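Summary of structural features
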Amino acid sequence: MTKKFIILLALSLMTCSACTSKPVLYPNAQYKQAGEAKVSEDIEYCMEFAEKSVGKDSRGKTSVKTGVQSGLIGGAIGLGIGIVTGSPGTSALAGAAGGAAGGAVGGAVRDNSNSLYKNFVERCLREKGYEPMGWK
């Protein structure tokens, strides 16, 4: 693996893990009457309303922070392995990339339950006549 590839892989995983999930709605009468464009608009409205009312969803920040911490740990472990095997630079870089990617994904999964934010969004959608079923 080249250094450039490892860095790009780590960055793409960290970016992807910071993506915000959205509510999934049951296709009830309101959903069918509104149509896809209006449903998407209402979801975005409720998410923005929740951010303004109860604070921003912090999943992205937490997953990036966890990714950086894990990257430092992975880099240190990779450096140690590299010293033993004879390729400290490459091993440290690979360890850092793997640690960062794993930590970012882990941080996003662990912090995927911002219940106040999600409850606020779901209530907003219910008040508009939709039936939230979960998040994806």
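Structural notes, computed from the coordinates. (Residues numbered from 1 in each chain as written. Predicted model: local features only at pLDDT ≥ 70, side-chain atom pairs only at ≥ 80, totals over all residues. Heavy atoms only, no water.)

**Here's the deal with the pairing of strand β1 (residues 23-26)**
Keep this limit in mind: Burial status follows relative accessibility: with a 1.4 Å probe on protein chains alone, a residue under 20% of its type maximum counts as buried, one over 50% as exposed, and anything between as partly exposed. Numbering of helices and strands runs from the N terminus, with a helix taken as a DSSP run of H or I at least four residues long and a strand as a DSSP run of E at least two residues long. DSSP-based pairing: two strands are paired if at least 2 bridges between them are found.
In β1, alternate side chains face the same way, and those of P23 and L25 are buried while those of V24 and Y26 on the opposite face are not. In the sheet, β1 pairs with strand β2 (residues 131-135) via four bridges, with the strands oriented antiparallel. Bridge pairing in β2 places L25 opposite P132.

**Remarks on the packing of helix α2 (residues 29-54) against helix α5 (residues 115-127)**
Basically, it comes down to this: All axes here are fitted lines through C-alpha atoms, helices being fitted over the stretch that makes contact, and every angle between N-to-C directions spans 0 to 180 degrees. Working rule for angles: under 35 degrees goes down as roughly parallel, over 145 as roughly antiparallel, 65 to 115 as roughly perpendicular, anything else as oblique. In this scheme the crossing of two helices becomes right-handed for a clockwise turn of the near helix relative to the far one and left-handed for an anticlockwise turn of less than a right angle. Contacts are residue-level and defined by heavy atoms, with any inter-residue pair within 4.5 Å sufficient.
One way to put it is that α2 packs onto α5 with a least axis distance of 9 Å and a crossing angle of 135°. By the criterion of interaxial angle, the relationship of α2 to α5 is oblique. The handedness of the crossing between α2 and α5 comes out as right-handed. Contacts between α2 and α5 involve D42, I43, Y45, C46, M47, F49, A50, E51, S53 and V54 from the former and L116, Y117, F120, V121, C124 and L125 from the latter.

**Here's the deal with a nonpolar patch on the surface**
The line we're drawing: Surface patches are drawn from residues lacking salt bridges whose relative accessible area is over 30%; two like charges belong together within 9 Å, two nonpolar side chains (Val, Leu, Ile, Met, Phe, Trp, Tyr) within 5 Å. Surface exposure here means Shrake-Rupley accessible area, sampled with a 1.4 Å probe, where a residue is shielded only by the protein chains that are shown. Should a side-chain nitrogen of Lys or Arg be within 4 Å of a carboxyl oxygen of Asp or Glu, the pair is scored as a salt bridge.
On the surface, a cluster of nonpolar side chains totalling about 290 Å² of accessible area is made up of V24, Y26 and M133. By the element assignment, V24 lies in strand β1.

**A look at the packing of aromatic side chains**
Selection criterion: Classification of ring pairs rests on two measures: the distance between centres of Phe, Tyr or Trp rings, Trp counted by its six-membered ring, which must be within 6.5 Å, and the angle between planes, read as stacked under 30 degrees, edge-to-face over 60 and tilted in between.
Per the stated rule, a full pass over the model turns up three aromatic pairs. Ring geometry for F49 against F120: centres 5.1 Å apart, planes inclined by 70°, an arrangement best described as edge-to-face. Remark: F120 occurs in helix α5 and F49 occurs in helix α2; sequence separation between them is 71 residues. According to the relative accessible area criterion, F120 is partly exposed, its value standing at 23%.

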